[in-house]
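# Structural characterization, general
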Amino acid sequence: MTSASHKPVLLSGSAPTGTLTIGNYLGAIRHWVRLQDTHDCLFVLVDLHALTVPNDPASLLRRSQEFVALYLACGVDPDRSLVFVQSHVPQHAQLAWVLNCITPFGRLSRMTQFKEKANKHPENVNAGLFTYPVLMAADILLYGTQLVPVGEDQKQHLELTRDLANGFNRKYGNVFVVPEPYIAPLGARIMSLQDPSRKMDKSDPNPANYIGLLDEPDVVRRKIRRAVTDPGSEVVFDESKPGISNLLSIHACLSGSRMQELQERYRGCGYGHLKNDLADIIIEKLRPIQDRYHSIIGDSTTLRLTLKNGAERAHQRAQKKLQEVYGLMGLEPGN
C-alpha cells in the first residue's frame, strides 16, 4: 500500500446537527470507509458551522461525540484516516478570517443556500451564516485537499473555494491546491420516506422522513411500513414512481443487488413484500453498527484520546499551511 503522502488528499465532514441517517451512511459514510484504502482521508466534524443555527451547548457537545462515535462504528479508522473536530484546530478560524478579507461581499450574497436558510429562519440571519462558505473553504484549503465529496447543495460552495484558491494563488503566490469534486456512485441521493421529491435530511424535524442510524428495529419497521409509495402496485424503478424507486435504491445499496434483479424478484408481489424485506435488511445492517457505537460511546476516555490525537495531527498539517499564507500576506508567521 502506498503511504498517505502519495495518496490523493480527500476531505469530508458533517456538522453535528440533527440525526445521522441511512441517507448519510449510503451517500457518504460508507464511501469514506472504502476511500481509506486509496486516499489520504481527513474526516472533520465541523462543529463551528453548527453555531450558525441556534444550539443548546450541552446538546451540541453530546451530538459531536455521538457523531464521531458513529463514524468510527461505521468503519472509519482513526489509524488510517485523520478524524478530528474542527473547533479543536484553531487554524480553521484563522484561515477563514484571511479568506474573508479577499472574498467579495456580492459573491456571498448570491449563495443559494444562504438565501434559502435566511428565508426559512428570518429570525436568525447572522454573520456566521453569511460567511459559512468561507469557513468551508478554509476547512478544505488548509490541508492541500484535492478531492471533496459534495452533494448538490454544496456545489456552489466548492466553486467559491476553487475561485478563492485561484485568486489567492494569482495575487500572493502558489500556495493552495485547487480542489475537485468527488462524485459518489449509486446511493449518493437517498430521498425522504414521506416526501420522495426531497433528499433525506438529518436536520428534518419530522423523524418519519428518515431512518436514523440508531433507530431501534421496531422504529425501522414502522417507518418503512408507513413510507410513501405510488399509485398502482407494480414494483419498478421509474421516475413516475419516486416512492418505490427510493425504497428500491435503499435496498440495492444495502443488499448489493442489481436494480433489474430486484424488479424481477418483486414482480407481482406488491409493495408490502418489498417493504418487509427492506426493513429486515436495514435492521440487520444497522445492528453491528449500533453494537459498535454503544461500545465506543461507552468508553469516553478512549474517544477523547482518539480526538486529541486527531487534533494534534491536524494541527501540524494546518499550521504549516497557515504559516505559508501568513508569510505571503506580510503577517508574522508565528509558531
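Thresholds, definitions, all that
Residues numbered from 1 in each chain as written. Predicted model: local features only at pLDDT ≥ 70, side-chain atom pairs only at ≥ 80, totals over all residues. Heavy atoms only, no water. Helix = DSSP H or I, 4+ residues; strand = E, 2+ residues; numbered from the N terminus. Buried < 20%, exposed > 50% of the residue type's maximum accessible area, 1.4 Å probe, protein only. Contact = heavy atoms within 4.5 Å. Areas by Shrake-Rupley, 256 points an atom, 1.4 Å probe, with all protein chains shown as cover. Lys, Arg positive; Asp, Glu negative; His and termini not counted. Charge placed at Lys NZ, Arg CZ, Asp CG, Glu CD. 1 Å grid on protein atoms, 1.4 Å probe; cavity = no way out; pocket = protein on both sides within 12 Å on 5 of 7 lines; lining within 4 Å. Points joined across faces, edges and corners; volume = space filled by probe spheres on them. Nonpolar A, V, L, I, M, F, W, Y, C, P; charged D, E, K, R; others polar. Disulfide = S-S within 2.5 Å. Pairing = 2+ DSSP bridges. Right-handed = clockwise from strand over helix to strand, strands pointing away. Arc of directions from axis to C-beta. pLDDT = per-residue confidence, 0-100. Axes fitted to C-alpha atoms, helices over the stretch in contact; angles between N-to-C directions. Parallel < 35°, antiparallel > 145°, perpendicular 65-115°, else oblique. Left-handed = near helix turned anticlockwise from the far one by under 90°. Expected span 1.5 Å × (residues − 1). Bend = angle between axes of the 7 residues up to and from the residue. Polar contact = N/O pair within 3.5 Å; in protein donor to acceptor, adjacent residues only side chain to side chain.

### Quick look at the overall build of the protein chain
Looking only at helices and strands, the protein chain features 13 helices and five strands. Expressed along its principal axes, the backbone C-alpha trace of the protein chain runs to roughly 70 × 45 × 40 Å. Relative to its full complement of 335 residues, the protein chain shows a buried share of 49%. Of all intrachain contacts in the protein chain linking residues separated by at least 6 positions in sequence, the fraction that spans at least 24 positions is 75%. As displayed, the protein chain has an accessible area near 15800 Å², and 52% of this comes from carbon and sulfur atoms. Mean positive and mean negative side-chain charge positions of the protein chain (38 and 35 charges, respectively) differ by 2 Å.

### Examining empty space enclosed by the protein
Here the structure, examined in full by the defined rule, presents one cavity of 30 Å³ or more. The volume enclosed by the largest cavity comes to roughly 60 Å³. Lining the largest cavity, in full, are Met111, Gln113, Phe114, Lys117, Leu129, Phe130, Tyr132, Pro133 and His157. Elements with a minimum of two residues in the lining of the largest cavity: helix H6 (112–120) and helix H7 (127–141). The leading source of residues in the lining of the largest cavity is H7, at four residues. Class assignment of the residues belonging to the lining of the largest cavity gives a composition of six nonpolar, two polar and one charged.

### Some points on the state of the cysteines
Evaluation of the coordinates by the stated rule reveals zero disulfides. Cysteine 253 supplies the cysteine sulfur nearest to cysteine 74, a cysteine that is in no disulfide, at a spacing of 14 Å. Note on cysteine 74: relative accessible area 9%, which makes it buried. Judged by relative accessible area, which is 11%, cysteine 253 ranks as buried.

### Brief notes about the pairing of strand E2 (residues 40–45)
Counting buried positions along E2 gives six out of six residues, so the element sits mostly inside the fold. Side-chain alternation along E2 places Asp40, Leu42 and Val44 on one buried face and Cys41, Phe43 and Leu45 on a second face that is also buried. Here strand E1 (residues 9–14) runs beside E2; their pairing, made up of six bridges, is parallel. Within E2, the position partnered with serine 14 by the bridge is leucine 45. In this region the chain leaves E1, passes through helix H1 (residues 22–35) and returns to the parallel neighbour E2; the handedness of that crossover is right-handed. Note that E2 and strand E3 (residues 82–85) share four bridges and pair parallel. For leucine 45, the partnering residue across the bridge sits in E3 and is valine 85.

### Some thoughts on helix H9 (residues 217–225)
The complete set of buried residues in H9 reads Val219, Val220, Lys223 and Ile224. For H9, the arc enclosing every buried residue in end-on projection is 125°, short of the 170-degree limit, so these residues lie on one face. Exposed residues lying more than 90 degrees from the buried face of H9 are Asp218 and Arg225. On its buried face, H9 sits against helix H12 (271–297).

### What to know about the confidence of the model for the protein chain
Residues of the protein chain with pLDDT of at least 70 account for 94%, and the chain-wide mean is 91. Confidence, expressed as mean pLDDT per element, reaches its minimum in the protein chain at H6 with 71 and its maximum at H9 with 98.

### Observations regarding the packing of helix H3 (residues 57–74) against H12
Two elements in contact, H3 and H12, have axes separated by 8 Å at closest approach and are oriented at 130°. The pairing of H3 with H12 is recorded here as oblique in orientation. In this structure, H3 meets H12 at a crossing whose hand is right-handed. Contacts between H3 and H12 involve Gln65, Glu66, Ala69, Leu70, Leu72, Ala73 and Cys74 from the former and Ile289, Arg292, Tyr293, Ile296 and Ile297 from the latter.

### What to know about H7
Helical geometry: 3.6 residues make up each α-helical turn, so side chains three or four residues apart lie on a common side. Its 15 residues place the ends of H7 21 Å apart at the C-alpha level, agreeing with the 21 Å of an ideal helix rising 1.5 Å per residue. Taking the largest bend as the criterion, H7 deviates by roughly 45°, centred on proline 133. Across the 15 residues of H7, 12 count as buried, placing the element largely inside the fold. What H7 keeps buried is the set Leu129, Phe130, Tyr132, Pro133, Val134, Leu135, Met136, Ala137, Ala138, Asp139, Ile140 and Leu141. Between the side-chain oxygen of the N-cap and the backbone nitrogen of glycine 128 there are 3.1 Å, and the N-cap of H7 in question is asparagine 126.

### Quick notes on the layout of surface pockets
Estimated volume of the second largest pocket: approximately 320 Å³. The wall of the second largest pocket is formed by 16 residues, among which Leu61, Ser64, Gln65, His88 and Leu307 lie closest to the centre. Counting only elements with at least two residues in the lining of the second largest pocket, the list comes to helix H2 (47–50), H3 and helix H13 (300–329). Here the lining of the second largest pocket is composed, by residue class, of eight nonpolar, five polar and three charged.

### Digging into the environment of proline 90
Along the chain, proline 90 falls in the loop between E3 and helix H4 (91–100). Overall, proline 90 belongs to the partly exposed group, its relative accessible area being 42%. Along the chain, proline 90 and alanine 318 lie 228 residues apart, while their C-alpha atoms are 9.0 Å from each other.

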